[in-house]
Amino acid sequence: MSKYSEKNIKAYGNNFTTMTPGPVAKFLRTCVIYQFIRFIVINLKMLVVVKKSH
Amino acid sequence: MARLVVLGGGVSGHTAATFAAKWLGSSHEVVVVTPNAKWNWIPSNIWVGVGLMSKEEVTFDLASVYAKAGITYKQAKAVSINPEGGSSSDKPFVSIEYTLESREGDVEDVEYDYLINATGPKLNFAATPGLGDENGLGEHTVSVCTADHAVHASQELKKCIQKMKNGERQKFLIGTGHGLCTCQGAAFEYIFNIEHELKKAGVRDMADIKWISNESFLGDFGVGGLHMKAMGFAVSSRIFAESLFAERDVDWIIGAHVSKVEAGSVDYELLDGSVGKESFDFSMLIPPFAGVGIKAYSKDGEDITAELFAPNGFIKVDANYSAGAYENWKASDWPATYQNPTYTNIFACGIAFAPPHPISKPMSSPSGTPINPTPPRTGMPSGIMGKTVAHSICDRILKGEDAPLHRASMAEMGAACVASAGKGIFDGTAAAMTIYPVVPDFDKYPGTGRDTDYTFGEIGLAGHWIKHILHHLFMYKAQLKPGWTLIPE
C-alpha cells in the first residue's frame, strides 16, 4: 500500500519521475507560525525584486 | 498645453494615465480611450471563476476615478492612428468609435501630442475553431479572461459540481486553446482552484482533471521556465509544477496545439507530430492573444499599418526585431523605452507592444505547426512599463523634447506572482514566486539565465495572504485612494 504522498504516482506515467511532498513539508505549508515567518521572508524578498525592477 | 492620449485602461494604460495626470497637473491634458466602463483586477478573475468572489469585488467604474484624477475619459475603442495628421492638419490624431451606450457608434478624431498604445490584447478565440464566439463566451468552453467570462465559468462549474453530487462523473480540461497562447499562469492557477473547490464540495473523487498546454515542459509559463533555490539545489520549475500536479492527481498533456474544439472534446497536435482527441465535461482554455486591429494611415491616407505594427497586430517599439534564430537571441533584444522608432511621440506598453521573439525556446511539430508559448507581458511588468512610459513622456512635455527616456526592459526587471489554490486564510495552498529577470540573460547569468538569489518559489498559506493583500492593495491603488502612489506597481 502506497504512502499518502505517493498515492497518485502511476508507474511509468507522466508523474513517475517527479517529487511529491512528505508529511513534514505538507504540515509546514499550513502551519500558521511557520507560514507567518515565511510571509515576512517572502514579502521582503518580493520587495527587493520590486525595488530592483524600478 | 500638450495632450497625451492613452489607448486602453487596463493595468498598463491605467497606470500610465494616472501617473501622467498626477505629474502633468492641470496645465496639460491626459485622455484615456477605453471601450470598457469598468477597471478589472484581472488576477482575481480566477477567484470569480470558481465562485469565491463576485464581479463587483474585482471591478469598479472608471468614470468617477478619472473625473477625480482630472483625466478626460472617452468610453470608446480606437479604430485608427494617423501619426502624420490628415488632409486638413499636420497634427497627429486617433480615430475612435464610442462604445458608451448613449453615444454608441459615434466616431471622433482625437488629436494628440503624445500617444501611448496600451490596448491590451484581442482575445483571439477565432484562431481555434469552436473555441468561442466573438464575446468569448464559448459554446463549448469557458474563459476567465474577463470578469464576465469568469462569472460564466463559475456558473458552469456549479452545474458540474451539482452533477457530481448527483453521481455523474465529470471530466475537467483546463489549459491553453492554441499552440501560440500565453497566460499559462492563469490557467495553472485556475486548474488548482477548481481542484481545491471540488475537494471542498466533497466531490473530488468524482472528477478527472487534466491539463493541456502548449508548453514544452510543465512549468515553462511562457518564460522558458525558471530555476529556484530549494534544499540546496537550483530546482527547475518543471519539478515544482510536476510535483503540484502529481500531489493533486492532475494529469497533463503538454506540447499541445489545440486545433479544434467541439461539444465535449478537443482535437490537438503534439510537438512529436502525433494527434489526439481529449474529451471533457467542463473546459477552460485560454485563447491566443492578438493585437486589437487598429489601422494606421499616412497623411495622404495610405495604409501604413505594417509600418507601425508587427504582423501579429502589436505595435513596434525599440526592440531588435531582426534577431533571427534562437541561437542569436540576446537579453538586449528586448525593448527598454517602448518608443516607436518611426514616430517618436508614440509609445506602447503592456501586451500592446510587439515582443522581439518568444522567451521560451521556439518549437514546432514535424508538420510545421508552431507550438510554443508567446511571451507574457501582463501583471507587474505591464504596470512598471506603463509608469516608465508615462515618466518619459511627462519629462519630454515638462523638460523639453530632448529629455532622456526612462528604461524598463523585461530583461532587467523582475516579477512577483502568486498562484492560489483556494481563498481561505487557513486552508488551501498558494505558490508564491518571483523571477528575476523576466527575460533570461544568459550572458549575465550563464546556465539558468536568472539570478537564483532573487528567483524563488514556495508553496504555503503565506502565498494566500500575499494574494489577498495584492488584491486589496491594487484595487485601492487603481481607485487612486489616499497614498496610492506609495504602492509599487
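What you are looking at is a predicted structure, and each value in this text was computed from that prediction instead of being measured.

Caption draft 1: Just the overall build of chain A, in detail. Within chain A, the regular secondary structure consists of two helices and zero strands. Since a compact globule built from 54 residues should have a radius of gyration of about 10 Å, the 17 Å found for chain A marks it as more spread out than a globular shape. C-alpha extents for chain A along the principal axes are approximately 50 × 25 × 10 Å. For chain A, the accessible area works out to roughly 3,800 Å², and carbon and sulfur atoms hold 70% of it.

Caption draft 2: Up close: unusual backbone geometry. Cis peptide bonds are those with omega within 30 degrees of zero, and the linkage from tyrosine 436 of chain B to proline 437 of chain B qualifies with -10 degrees. Among the structural elements, proline 437 of chain B can be located in the loop between β23 (429-435) and β24 (456-460). Positioned with a positive phi, tyrosine 12 of chain A is a non-glycine residue whose angle comes to about 60 degrees. Backbone geometry places phenylalanine 221 of chain B, a non-glycine residue, at a positive phi of 55 degrees. Note that phenylalanine 221 of chain B resides in the loop between β11 (207-212) and β12 (227-230).

Caption draft 3: Region of interest: the pairing of strand β5 (residues 72-82) of chain B. Residues and elements named next belong to chain B. Looking at chain direction, strand β2 (residues 29-34) and β5 are connected through four bridges and run parallel. Bridge pairing links valine 32 to tyrosine 73 in β5. Alignment of β5 against strand β6 (residues 93-98), held across six bridges, turns out to be antiparallel. Each bridged residue has a counterpart across the sheet, and for lysine 77 the counterpart in β6 is glutamate 97.

Caption draft 4: Quick look at the layout of surface pockets. Looking at the second largest pocket, its volume works out to about 690 Å³. In terms of lining, the second largest pocket is formed by 23 residues, of which the most central are Ala230, Met231, Gly457, Glu458 and Ile459 of chain B. Of all elements in the fold, only α1 (23-30) and α2 (32-53) of chain A together with β12, α7 (237-247) and β24 of chain B reach the threshold of two or more residues within the lining of the second largest pocket. Residue classes in the lining of the second largest pocket are distributed as 12 nonpolar, five polar and six charged.

Caption draft 5: Looking closely at the pattern of salt bridges. Enumeration over the complete set of coordinates arrives at 33 salt bridges over all chains. Notably, a salt bridge pairs lysine 210 of chain B with aspartate 251 of chain B, separated by 4.0 Å at the nearest N-O pair. Of the two residues, lysine 210 of chain B is situated in strand β11 and aspartate 251 of chain B in strand β14 (residues 251-253); the sequence distance between them amounts to 41 residues. Take aspartate 251 of chain B: its relative accessible area is 35%, and that puts it in the partly exposed class. What emerges from the salt-bridge pattern is a single network uniting Lys26 and Arg29 of chain A together with Glu247 and Arg248 of chain B.

Caption draft 6: Representation of a nonpolar patch on the surface in the model. Residues and elements named next belong to chain A. Residues Phe36, Ile40, Leu44 and Leu47 make up a contiguous nonpolar surface patch of about 400 Å² in total accessible area. As for its position among the elements, leucine 44 is in helix α2. Relative accessible area serves as the criterion here: at 52%, leucine 44 is assigned to the exposed category.

Reading the values: the criteria
- Residues numbered from 1 in each chain as written.
- Chains lettered and ligands numbered in written order.
- Predicted model: local features only at pLDDT ≥ 70, side-chain atom pairs only at ≥ 80, totals over all residues.
- Heavy atoms only, no water.
- Helix = DSSP H or I, 4+ residues; strand = E, 2+ residues; numbered from the N terminus.
- Rg over C-alpha atoms; globule rule 2.2 N^0.38 Å.
- Areas by Shrake-Rupley, 256 points an atom, 1.4 Å probe, with all protein chains shown as cover.
- Pairing = 2+ DSSP bridges.
- 1 Å grid on protein atoms, 1.4 Å probe; cavity = no way out; pocket = protein on both sides within 12 Å on 5 of 7 lines; lining within 4 Å.
- Points joined across faces, edges and corners; volume = space filled by probe spheres on them.
- Nonpolar A, V, L, I, M, F, W, Y, C, P; charged D, E, K, R; others polar.
- Salt bridge = Lys/Arg side-chain N within 4 Å of Asp/Glu carboxyl O.
- Buried < 20%, exposed > 50% of the residue type's maximum accessible area, 1.4 Å probe, protein only.
- Patch = residues over 30% accessible without salt bridge, like charges linked within 9 Å, V, L, I, M, F, W, Y side chains within 5 Å.

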